[in-house]
Structures are given as C-alpha cells and as structure tokens.
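Below are the chains, spelled out letter by letter.
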Amino acid sequence: MYWSRPLILVLVPLLFLTPCGAVVASEPARHPLRIHPENPRYFTDGTTAPDGSLKAVYLTGSHTWNNLVDMGRSDPPGAFDFDAYLEFLEKHHHNFIRLWAWDSTTWDTRANGALGKDFIHHAAPLPWVRTGPGKALDDKPKFDLTKFESEYFERLRSRVEAAGRRGIYVGVMFFEGWGLMHGNRRRNTEDGWAWRSHPFNPANNVNHLTIEGSDALSGRVHTLRYPEANKLQAAYLRKVVDTVNDLDNVFYEVLNEGGEKEWNWWVIRTVQEYRQTKPKQHPIGNTGHGAERLASMLASPADWISPGRVDGFAEDPPAWNENKVSLLDTDHIWGVGGNAAWVWKSFLRGHNPIFMDPYDGSVLGQDRGWGPLRAAMGHTRRFAERVNLAAMQPRDELTSTGYCLADPGREYLVYQPRKGEAFTVELKAGVYRFEWFDPAKGAPAGDGRIKTPGGAQQFKTPSAGEAVLYLKQAD
C-alpha cells in the first residue's frame, strides 16, 4: 500500500515536541468526559487552561476485535495479552480504544484471508452463564440469559481500570451487530454462522425466547419486536453500567453496526435514564451503520457518532461542524484500512480518528504496513495537546491546501498533501513563530519567525515531501 509522508509546519517552540518513538507516560484519567460546551467537536474532562478556559480532549487510538473477548482457533481460545496491548498503545501515544463485545460464540472470518484470519474463531467469555439444562447447537450447555458470567464482568472492569491508569479512555461496546446484519451470510463463510452461535437463538438458551421470523440460518435480536428479549437486554445494560460507572475513563457504545434505529435509540435512552441514578454521567455513542445513516445518528440522543463511507466520510473526510463528537473510525470506512495522510486530514477537519487495528501482539500483526498510520495518530495527539484546541475550528478556506485547523490570528495548523508544492495561508496581521514537522520521521524539520501585514502568505515546504505547518502568534 502507498503511504503518504506528510510534513507539518508548526509555530510552536521546538523543545516541546516529543521525538518519534519516545514514550511519555500519560497521566491517569481523572474525570469523566463530556461534550465541550464551546467546541462540540471534542470532549472535555473539566480541567482548565492557564487562562481559565476549559481544555478540549482529542481522542485517537487503535482498537482490535479481541481486546475484551478472547478469540482464536482453539476452544477455549488463547488469552489476549492486555498488558502488552496497553504498552503498544502507550508507545504510540494513543488515548482511546473501543473495547469490543462479541455476541456470538464463533466468528467465521474466512472472508478476511488477506488479514491472516482465514479460519473460524472461537470467542469467550460472553456475558451469560452456560448452565443448561440441555445442550446448545455447539453441544455445550445452554445459556441462562438471567444469570451473568462473573468472569466477563470482572474482566471488563479490570481492563477499563488498567487502561485508565495509563490515561486511555475506553468505549465499552454493549452489543456487536455486524455479525447478524452483515457477516451472517457472507461470501467465503458458512451461511448462518453468527445466528447459530448466538446466545439469544432459542436453541441456545433455557429462557424460551420466541424470535419470530427466525429460522436455522438467521434471526434478529437487535429490535423492539420481542419484549422478553428486550427485558433481558435492559438487565444486561444495567449490569454493565453498574460494573464501570464509578470509573472516569468510560464511554459507552450501543453496538458495532446493525440493529434497528428504534432499538438503537432505545438502548441509548435506557442507559441515559439509568445513569441518572449514578454518580457519573458517561457519554454514549451510536455507530449503527446498516440501520442508520448520518442524519439519523445526528438526530439520535447519542453524545458521539462515527460517520462512515456511505455518508461521504472516506479518503477525504469533509470538515465536521456538528453538535456531536465525531469518532471517525476506519472500521466504518474500509474495515481495516486508511493511511497516515487520512489521519492528518481527519484531525485538521475536526474529527477524532481511530483505527480498526489487526494487531495480534505478534510481529505479523504489528508490521503489515500500518506503522505510519499508528504513528500519525500519536503525532496528531501531540499537536492537539500543544495547541489551544478548544478555540480551533476547521477553516479549509484559509489555505490553498484545503486542510486547516485554526484560531485565526493566534494559531494555525495546516496540512499540505501535495508533495513539494508551495501553498498559501490567509493570516491576520502580526508576528508568528512557525515550525515544520516531518511525520514520516516523527521529527521537526525547521522553524522560524515571520511578520505579515495580513493576507495570503506563501510557504514552501522544506523538503520534497508532504507537509504540515504550525503557526503561532509570537508573544
């Protein structure tokens, strides 16, 4: 895959720039996040800058399928090394993950042979106890959907706690909808795999659920058509909230794709009503791709959403000017995909980019060409921590490159994706310090000072590569 190599021009003292590869331990998460009241592109944890303004929190990071539920060839599957994963995230200066739920006991991913996942995964533990009596379709004891599996919830809490100690926010996924809506009948996989191994399949539980219209190959449970199933789902939602509400680094997510609009919104409202009885009010997100489009997710009661390819957010995502936070996820654009240039474009257009990472803890999982993208997320976060992000907005019209995050007259961050081309930035009159940063090297590429009467100021990148320019008003 072709990787772009952006340069960044930055007006900031060089001594504050963290060199590529340097690991700076993040402070633990200390406060729940809420939407920033002045700049709803971002969250805030309530801390203030020296001038008394609320700081904005930029989120970015790598999430992977088995970071909560173990998945693998064996049954039971081998354990995921969560501590090594956290070290990997901290090394790349990431501060957000989705903690994946998995609804079924298997995952037939033979359609993803290019990712080295050309086999059927076993998945465990799930939230409910397998008590029997009777055998499920996999010849193991049936689930009792009124009894919760302590191992699952103890693991959920301990992993959120461990991430929080490293300053990493965790999107706790309630349900996984891709399997039933998108993966259940998919080329190169066995039809019906997700439904046959789903705990809510009447053949797999002792609770005598009736899922009308279901057959041996398919069934829908992310719907409001089955009140008995919804009661069980509501009890599970309350259990998750009870498990992690007192922690500061918590997000919630309805489900990964799928569902139905009315059910998705019901989950959001059920959680919001229940969290009102709790000390902390954590954000909840809607990523119901396949059931909802952008307009529906924006109209929903969710705090954050993930735009997708079908909504026009792909290789060149448009600027974000909505009243919900955009966690722009490669999962809803490519599945696994993207590059470093996409990260910079997303950041400078007001999004919080995150990556569906095929990380598996091995050299194979870490070195399939995704290094530049992972590094770019960390570099953008370092810039987000240096600038007064709460005051900055995407202002593409201020530069001939089309990529600019700015607080005009104070700070400008500009990305030039076209290698070696000069470009202009519309500046207010004043004196500015500037810096260039080479993301491919993860290092500064020059700095200086300019005085301008205002208007279009031309800049030439210091190398033949792509570039980002950072300008800051001189003291």
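Above this note sits the structure.
Here is a short report on the structure shown in this document.

Scoring rules and cut-offs
- Residues numbered from 1 in each chain as written.
- Predicted model: local features only at pLDDT ≥ 70, side-chain atom pairs only at ≥ 80, totals over all residues.
- Heavy atoms only, no water.
- Buried < 20%, exposed > 50% of the residue type's maximum accessible area, 1.4 Å probe, protein only.
- Helix = DSSP H or I, 4+ residues; strand = E, 2+ residues; numbered from the N terminus.
- Pairing = 2+ DSSP bridges.
- Right-handed = clockwise from strand over helix to strand, strands pointing away.
- Contact = heavy atoms within 4.5 Å.
- Axes fitted to C-alpha atoms, helices over the stretch in contact; angles between N-to-C directions.
- Salt bridge = Lys/Arg side-chain N within 4 Å of Asp/Glu carboxyl O.
- Core = buried A, V, L, I, M, F, W, Y, C linked by side-chain atoms within 4.5 Å.

A few points about the pairing of strand β12 (residues 250-256)
Most of β12 is tucked away, with seven of its seven residues classed as buried. As judged from the six bridges shared by strand β11 (residues 169-176) and β12, these two strands associate in the parallel manner. From the neighbouring strand, Met173 faces β12, where its bridge partner is Glu253. Viewed along the sheet, the connection from β12 through helix α6 (residues 261-275) into strand β13 (residues 284-286) turns out right-handed.

Notes on the sheet that holds β11
Across the sheet, which stays open at both edges, the eight strands sit in the order β4-β16-β15-β14-β13-β12-β11-β6 with parallel pairing between neighbours. Here the strands that pair on one side only, and so sit at the sheet edges, are β4 (61-63) and β6 (96-99). As paired strands, β6 and β11 are joined by four bridges and run parallel to one another. Bridge pairing in β11 places Arg98 opposite Gly171. This element, helix α5 (residues 227-244), spans β11 and β12 of the sheet and lies at about 165 degrees to β11. Packing against the sheet, helix α10 (residues 371-386) makes contact with β4 and β16 (352-356), and its axis sits at approximately 150 degrees to β16.

Considerations on the sheet that holds strand β5 (residues 70-72)
Within the open sheet, the three strands sit side by side as β5-β8-β7. Their pairing is antiparallel. The outermost strands of the open sheet, each flanked by one partner alone, are β5 and β7 (106-108). Recorded for the sheet is a direction-independent mean angle of 20 degrees between the axes of neighbouring strands. Where β5 meets strand β8 (residues 120-124), three bridges bridge the pair, whose relative direction is antiparallel. Paired with Gly72 across the bridge in β8 is His122.

Describing the pattern of salt bridges
The tally for this structure, following the rule as stated, stands at 29 salt bridges. Notably, a salt bridge pairs Glu421 with Arg418, separated by 3.4 Å at the nearest N-O pair. Residue classification places Glu421 among the partly exposed residues on the basis of a relative accessible area of 39%. Assessed through its relative accessible area of 34%, Arg418 is described here as partly exposed. What emerges from the salt-bridge pattern is a single network uniting Arg98, Glu253, Asp329 and Asp331.

Quick look at the nonpolar core
Formed by 101 residues in total, the largest nonpolar core has its most connected members in Trp102, Leu156, Val160, Phe174, Tyr252, Phe347 and Leu389. Not counting the four nearest positions on each side in its chain, Leu156 is found in contact with Leu68, Leu99, Val172, Val240, Thr243 and Val244. Of all hydrophobic cores here, the second largest spans 16 residues; its members include Leu398, Trp436, Ala467 and Leu471.

A word on unusual backbone geometry
In this model, Asp75 is joined to Pro76 through a cis peptide bond whose omega is 5 degrees. By secondary structure assignment, the location of Pro76 is in the loop between β5 and α1 (82-91). Ala124 connects to Pro125 through a cis peptide bond whose omega is 0 degrees. If you trace the backbone, Pro125 turns up in the loop between β8 and β9 (128-135). Residue Glu257 is not a glycine yet carries a positive backbone phi of 65 degrees.

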